[in-house]
Amino acid sequence: MRILSSSVGRKILMSITGQLLIIFILIHLIGNSTIFFGPNGINAYAEHLHSLPPLVWAFRLFMLAAIAVHIAYGVTLTLENKAANPGAYAVKRNLKASFASENMIWTGLLVLCFIGYHLLQFTIHGTPDVVVGLDSANRPDVFRMVVTSFGNALISLAYMFAMLMLFLHLSHGIPSFLQTMGWNNEKTIPAFGTGGKVISAILMLAYISIPAVILAGLLKL
Amino acid sequence: MNLTLHVWRQSGPKAPGKLEQYEAKNVSPDQSFLEMLDEVNEHLIKEGKDPIAFDHDCREGICGMCSQVINGVPHGGQERTTVCQLHMRRFNDGDTIYIEPWRALAFPIQKDLIVDRNALEKIMQAGGYTSCHTGGVADGNAILVPKQDADYAMDAAECIGCGACVAACPNGSAMLYTSAKVAQLAALPQGQAEAAERVCAMTEAMQEAGFGNCSNHYECMAACPKGINVKFIAKLNREYQKALFK
Ligand code: HEM
Ligand code: SF4
Ligand code: FES
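Going by the annotation in an unreviewed UniProt entry, the name recorded for chain B is Succinate dehydrogenase, with Geomonas paludis given as the source organism.

In the nomenclature of an unreviewed UniProt entry, chain A is known as Succinate dehydrogenase cytochrome b subunit of Geomonas paludis.

Can you help me understand the overall build of chain A in this one?
Helix and strand content of chain A: nine helices and zero strands. For chain A, the spread of C-alpha atoms along the three principal axes comes to 60 × 40 × 35 Å. Counting every atom, chain A has about 11700 Å² of accessible surface; 74% of that belongs to carbon and sulfur. Each charge sign in chain A was given a centre, from 13 positive and 7 negative side chains, and these centres are 12 Å apart.

Teacher, can you tell me more about the overall build of chain B here?
Across its full length, chain B carries eight helices and seven strands. Within chain B, buried positions represent 54% of all 246 residues. Considering only intrachain contacts with a sequence separation of at least 6, the fraction spanning at least 24 residues in chain B is 69%. Of the roughly 11100 Å² that chain B leaves accessible, carbon and sulfur atoms contribute 50%. Taken together, the 23 basic and 30 acidic charged side chains of chain B have centroids lying 3 Å from each other.

Would you mind showing me how to read the sheet that holds strand 5 (residues 96–100) of chain B here?
As a general point, the strands of a sheet are linked pairwise by backbone hydrogen bonds and lie either parallel or antiparallel. Residues and elements named next belong to chain B. With mixed pairing, five strands are arranged side by side in an open sheet as 2-1-5-3-4. What marks the edges here is a single partner per strand, and that holds for strand 2 (18–24) and strand 4 (73–74). Pairing analysis gives two bridges linking strand 3 (residues 69–70) to strand 5, with the strands arranged antiparallel. From the neighbouring strand, Ile70 faces strand 5, where its bridge partner is Ile99. Running over the sheet, helix 1 (residues 33–46) touches strand 1 (3–9), strand 2, strand 3 and strand 5 and is turned about 80 degrees from strand 1.

What is the right way to look at the site of ligand 1 in this model?
Residue and element names in this part refer to chain A. Looking at ligand 1, there are 25 residues lining it, with His70, Gly108, His169, Ser176 and Thr180 nearest. Separating an oxygen atom of ligand 1 from a side-chain N or O atom of Lys11 is a distance of 3.1 Å. In the environment of ligand 1, a nitrogen atom lies 2.8 Å from a nitrogen or oxygen atom belonging to the side chain of His70. Contributing elements (two or more residues each) for the shell around ligand 1: helix 2 (7–32), helix 4 (53–84), helix 6 (104–123) and helix 8 (153–181). Examining the composition of the shell around ligand 1, we find that seven residues originate from one element, helix 2, more than from any other. Grouping the constituent residues of the shell around ligand 1 by class yields 12 nonpolar, 12 polar and one charged.

Where do I start with the environment of B:Leu5 in this structure?
All names here are of chain B. By secondary structure assignment, the location of Leu5 is in strand 1. On a C-alpha basis, the gap between Leu5 and Leu105 in space is 25 Å, while along the polypeptide they are 100 residues apart. With residues up to four places along the chain from it excluded, the contact list for Leu5 reads Glu20, Gln21, Tyr22, Ala24, Met36, Leu37, Val40, Ile97 and Ile99.

Criteria and cut-off values
- Residues numbered from 1 in each chain as written.
- Chains lettered and ligands numbered in written order.
- Predicted model: local features only at pLDDT ≥ 70, side-chain atom pairs only at ≥ 80, totals over all residues.
- Heavy atoms only, no water.
- Helix = DSSP H or I, 4+ residues; strand = E, 2+ residues; numbered from the N terminus.
- Areas by Shrake-Rupley, 256 points an atom, 1.4 Å probe, with all protein chains shown as cover.
- Lys, Arg positive; Asp, Glu negative; His and termini not counted.
- Charge placed at Lys NZ, Arg CZ, Asp CG, Glu CD.
- Buried < 20%, exposed > 50% of the residue type's maximum accessible area, 1.4 Å probe, protein only.
- Contact = heavy atoms within 4.5 Å.
- Pairing = 2+ DSSP bridges.
- Axes fitted to C-alpha atoms, helices over the stretch in contact; angles between N-to-C directions.
- Near = heavy atom within 4 Å.
- Polar contact = N/O pair within 3.5 Å; in protein donor to acceptor, adjacent residues only side chain to side chain.
- Nonpolar A, V, L, I, M, F, W, Y, C, P; charged D, E, K, R; others polar.

What follows is the structure in structure tokens.
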């Protein structure tokens, strides 16, 4: 298929998978924020979410496919781009490219490491800090698990660092996916540049608020 | 004023190159950058040395031949200015100036500051045209073009094919150049018939010629001496999506 080999086509696939990941991030944030309603909030939410196992698995496979495509093309495009630019300037001054735009592959791979860790911890329960149990209503006690783990400052800091990487990735990723889809014109180009940074910053702060609030002792068991 | 130049010298495509230092003395602020180099070359010739080879032609900012990366920016970083239109009043006495060729996989160095930009022609040959019957000259107003479309096409047509966008791009991509050509023809009625083939053929030719992929750094737009806007890259992306369903 032409789209899979074309330079522009593969970017469109990166853009679409990136958008799917962003939608997931938004839904995940809304879901996670039920933690501010205490055990009854997040434990009820988690139970609802997992009440239909086939749907859960369909969704997981879909996200896995999206991220696999995103990573595969992210890596190949980056390798091709490095090869196309011998990078041999003795002096090179960038007028527009940013730290975020130049390090998409690294912030992306760090986010990937985080996703691996996050799944190992809260989905597979494979890290030593995780406490698994049931709450008084016989639901899996997600609240206790999260509050206990985030009570460890090192774990909370790792999450905050990962969210900083996500911020960097999206501060370029949001304006970039709009441009790749062609949803852009002379006026929106600078506006989306700023808007992308603002939205990524809001996302980062919102996600960070959970470990921050727990570390500060405002959300307790 | 007196300047210290560090110029990339390379005797041939395969030869190793290196930066060499030259002193440019008594430079007039009214000289253009190329005139300053002409004078350096005259001294080199008098000393029996090989003059610095660089591309140039019109020296009035329209042909796109001049191509030097000056202090890390293609064309030297003055907004909408080619090297030939850059003047020495932009510099200060005692400045050190680094002069290098365009650097990209698709632009092999020929000699010193001269690179081979045929790769851009390969993109053009792949679709940068509209097919028409030859014969008697058609009436100029036979096909009406709305003013807005004509303006848009003219903005894209400002591209002089210099390749600064490639030289500036961290990915050595020619997307700004290619998009300017695609958008120019896509905006006009004459360009419609071949629009879908054109965008596919030109982007494939870009890839085959060794240019990288666009990752939206917008470094090209900042370096372009004609102010070609990256909105044309968005237009190319839209044209490509339309072509997918053709
Ligand atoms: C939750 C995770 C992620 C989200 C939300 C996300 C989102 C995005 C978005 C929206 C773009 C812009 C696409 C475009 O320019 O059209 C992008 C680009 C990119 N992503 Fe991700 N991404 C994620 C994870 C990753 C991972 C794990 C990698 C690792 C390889 C990665 C590597 C890249 C690269 C290299 C680019 C730049 C591609 C280019 O412009 O050529 N991303 N990402
Ligand atoms: S888009 Fe600008 S920088 Fe690129 S070739 Fe055309 S005139 Fe030169
Ligand atoms: S020499 Fe023609 S544009 Fe500079």
